[in-house]
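If you want the building blocks of each chain, they are given just below.
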Amino acid sequence: MSYLETAVEIAREAGALLANYFERRVRFELKGEFDLVTEADRASEALVVERLRSHFPSHAIVAEEGGGHESPSEYRWYVDPLDGTTNFAHGFPMFNVTLGLERAGEAVAGVVYDPLRQEMFAAERGAGAYLNGKRARVSTVRNLGESLASTGFPSRKRSHDVNVHFFYQVAMASHGVRRTGSAALDLAYVASGRLDLFWEFGLKPWDMAAGALLVREAGGRVSDMNGAPHNINSSPHLLADNGALHAPALEFLAEIFQGNFRTPMPEIK
Ligand code: IPD
Ligand code: CA
Ligand code: CA
């Protein structure tokens, strides 16, 4: 089995486990003031890490809930055992399990699996992106004014977040901005043409490892919000889009960074 086939198999198994917990509704605990974690996050991570370790004992694993495995191997897995925990804990049906593999710092394979819709987004470097085995491609929208966008807000340090300015400006300049609560699905949706662009500040490497590869393999572009090459371990923010929107989106974001708002914030009268 290839790395991707193994990742697909593991994601399907972890997804079934998550769907099962979701039906039963689980209690959540707080990791930070508004940062939720559930028994399902931990059980899914234990399963994914156990399976990865039995298939690839020498590979390094970085997993969100801390159950990873350090190793000098050039292969490194990034695991988000449950992306969309806040949705999950509230019974809002939008979450996934995602695994991304790097070789010598370069993304080579990734999966994002939504168990409720049974949608498996999978990509391998140089071999394209797929949704349930069919080729996935980014949209062909060329103008920001005709685009559907998405973003997210961090659960940590959220009072310091400037993204509300970006949210408002893009919302006023596009068909709308969605806040799905699941960054890996945002990226998978850009890769499959359901969204035209996505941006977010402060994501973690496991949120993006698979999704960024999906977008690139589906013909889209990924950079930081200033247009610099994106690195899942060090970039402060991410912009992913269908490629055609990359230049206009960067120009628009640059204006917002400079405090040049095309639409002034409305006053409450
Ligand atoms: C979160 C989701 C959310 C994003 C947050 C992430 P989690 O991941 O991807 O959409 O806005 O920044 O932390 O905590 O549910 O795995
Ligand atoms: Ca996440
Ligand atoms: Ca998570």
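As the structure is a prediction and not an experimental result, all values here were calculated from the model. All residue numbers here refer to positions counted from 1 along the written sequence of the relevant chain. Chain A is the first chain written and ligand 1 is the first ligand written, with later ones labelled in order. Local features in this predicted model are restricted to residues of pLDDT 70 or higher, and side-chain atom pairs are both shown and tallied only at a pLDDT of 80 or more, whereas totals for entire chains, interfaces and linings draw on every residue. Working from all heavy atoms in the structure, the side-chain values ignore hydrogens and water.

Q: Can you walk me through the domain arrangement of the protein in this structure?
A: Put simply, an interface is often sized by how much accessible area is lost when its parts join up. According to the domain assignment, the protein consists of domain 1 (3-136) and domain 2 (144-257). The split into domains, and so the bounds of each, comes from an automatic or database assignment of domains. Computed over C-alpha atoms, the centres of domain 1 and domain 2 are 20 Å apart. When checking whether two residues touch, look at their non-hydrogen atoms; a contact exists if any pair is within 4.5 Å. Across the boundary between the two partners, domain 1 contributes 40 residues, which contact 26 residues of domain 2. Buried surface at the junction of domain 1 and domain 2, summed over both partners, amounts to about 2,400 Å²; 62% is from carbon and sulfur atoms. Here, a salt bridge means any side-chain nitrogen of Lys or Arg that lies within 4 Å of a carboxyl oxygen of Asp or Glu. Linking domain 1 to domain 2 there are one salt bridge. Taking the shortest distance from any N to any O, the salt bridge between Arg194 and Glu119 comes out at 2.7 Å. Throughout this description, a polar contact denotes any pair of N or O atoms lying within 3.5 Å of each other; where both atoms belong to protein, one of them has to be capable of donating a hydrogen while the other can accept it, and for residues adjacent in sequence the pair is counted only when both atoms sit in side chains. Scanning the region where domain 1 abuts domain 2 turns up ten residue pairs in polar contact (both at pLDDT 80 or more). Runs of H or I in DSSP of at least four residues are treated as helices and runs of E of at least two as strands, each being numbered from the N terminus. Contributing elements (two or more residues each) for the side of domain 1 that touches domain 2: strand E3 (60-63), strand E4 (75-83), strand E5 (96-103), strand E6 (106-114), strand E7 (119-124), strand E8 (128-131) and strand E9 (134-136). Sorting elements by how many residues they give to the side of domain 1 that touches domain 2 places E6 first, with seven residues. Of the residues belonging to the side of domain 1 that touches domain 2, the class tally is 21 nonpolar, eight polar and eleven charged. Simply put, the buried area is the total loss of 1.4 Å probe accessible area from both parts when two parts are fitted together. Under the grouping applied here, Gly and all other residues not named as nonpolar or charged are polar, the nonpolar ones being Ala, Val, Leu, Ile, Met, Phe, Trp, Tyr, Cys and Pro and the charged ones Asp, Glu, Lys and Arg.

Q: Where do I start with the pairing of E8 in this structure?
A: Both faces of the sheet carry side chains from a regular strand, because those side chains alternate between them. Think of it this way: DSSP has to see at least two bridges between two strands before they count as a pair. Here E7 pairs with E8 via four bridges, running antiparallel. Pairing of Ala123 across the sheet is with Ala129, part of E8. Looking at chain direction, E8 and E9 are connected through three bridges and run antiparallel. Across the sheet, the residue bridging to Tyr130 is Arg135, located in E9. The turn linking E8 back onto E9 is made up of two residues, and Asn132 within it adopts a positive phi angle of 45 degrees.

Q: Would you take a moment to explain the coordination of the calcium ion (ligand 3) for this structure?
A: In an ideal octahedron of six donors the angles at the metal are 90 or 180 degrees, and in an ideal tetrahedron of four donors they are 109.5 degrees. Taken together, the protein ligands of the calcium ion (ligand 3) are Glu64 (OE), Asp80 (OD) and Leu82 (O), with distances of 2.1 to 2.3 Å. Here the calcium ion (ligand 3) and the calcium ion (ligand 2) are spaced 3.8 Å apart, with Asp80 acting as a shared donor. Of the two residues, Asp80 and Leu82, neither departs from the other in class, the shared state being buried. The donor set covers N, O and S atoms within 2.8 Å of the metal, switching to 3.2 Å for Na, K and Ca, and it leaves out water, so a site may look short of donors. Only protein chains enter the accessibility calculation, which uses a 1.4 Å probe; a residue is then buried when its area is under 20% of its type maximum, exposed when over 50%, and partly exposed in between.

Q: Help me understand the site of ligand 1, please; the structure alone is not making it clear to me.
A: Here a residue is considered near a molecule or strand provided that any single heavy atom belonging to it is located within 4 Å of it. Taken together, 17 residues are adjacent to ligand 1, and Asp83, Gly84, Thr85, Gly181 and Glu200 come closest. The backbone of Ala183 places a nitrogen or oxygen atom 2.9 Å from an oxygen atom of ligand 1. Values of accessible area rely on a 1.4 Å probe in the Shrake-Rupley scheme; residue burial ignores everything except the protein chains shown. Considering ligand 1 on its own, with 380 Å² of exposed area, one finds that the protein chains cover 93% of that surface. Take the shell around ligand 1: its biggest share by element is three residues, from E4. Its residues placed into classes, the shell around ligand 1 shows five nonpolar, five polar and seven charged.

Q: Help me out: how do you make sense of the coordination of the calcium ion (ligand 2) in this one?
A: The protein atoms donating to the calcium ion (ligand 2) are Asp80 (OD), Asp83 (OD) and Asp207 (OD), with metal-donor distances spanning 2.1 to 2.3 Å. One chain supplies every donor for the calcium ion (ligand 2), spaced along it as D-x2-D-x123-D. A relative accessible area of 6% means that Asp83 is categorised as buried. Residue classification places Asp207 among the buried positions, given a relative accessible area of 9%.

Q: Looking at this structure, how should I read the side chain of Ser174?
A: Assignment of secondary structure puts Ser174 in the loop between helix H4 (163-173) and strand E11 (176-178). Under the relative-accessibility criterion, Ser174 is labelled buried at 11%. Separated by 2.7 Å, the side chain of Ser174 and the backbone oxygen of Val170 make a polar contact. Among the polar contacts made by the side chain of Ser174, one reaches the main-chain amide nitrogen of Gly176 at a distance of 3.1 Å. Among all residues touching Ser174, those that are not within four sequence positions of it are Leu144, Gly145 and Ser147.

Q: What should I look at first to understand the sheet that holds strand E12 (residues 197-201) in this one?
A: Within a sheet, adjacent strands bond to each other through the backbone by hydrogen bonds, running parallel or antiparallel. One open sheet accounts for five strands, arranged E11-E10-E12-E14-E13; its pairing is mixed. Since the sheet does not close on itself, it has two edges, and those belong to E11 and strand E13 (221-223), each with one partner. Recorded for the sheet is a direction-independent mean angle of 20 degrees between the axes of neighbouring strands. Of the strand pairs in this sheet, E13 and strand E14 (residues 237-241) are connected by three bridges, and their pairing is antiparallel. Directly across from Arg221, in E14, lies its bridge partner Asp241. To get an axis, fit a line to the C-alpha atoms, keeping to the stretch in contact for a helix; angles then go from 0 to 180 degrees between the N-to-C directions. Against the sheet, helix H6 (residues 205-217) contacts E13 and E14, and its axis sits at roughly 135 degrees relative to E13. Its contacts with the sheet put helix H7 (residues 246-257) on E12, E13 and E14, and the angle it makes with E14 is roughly 150 degrees.

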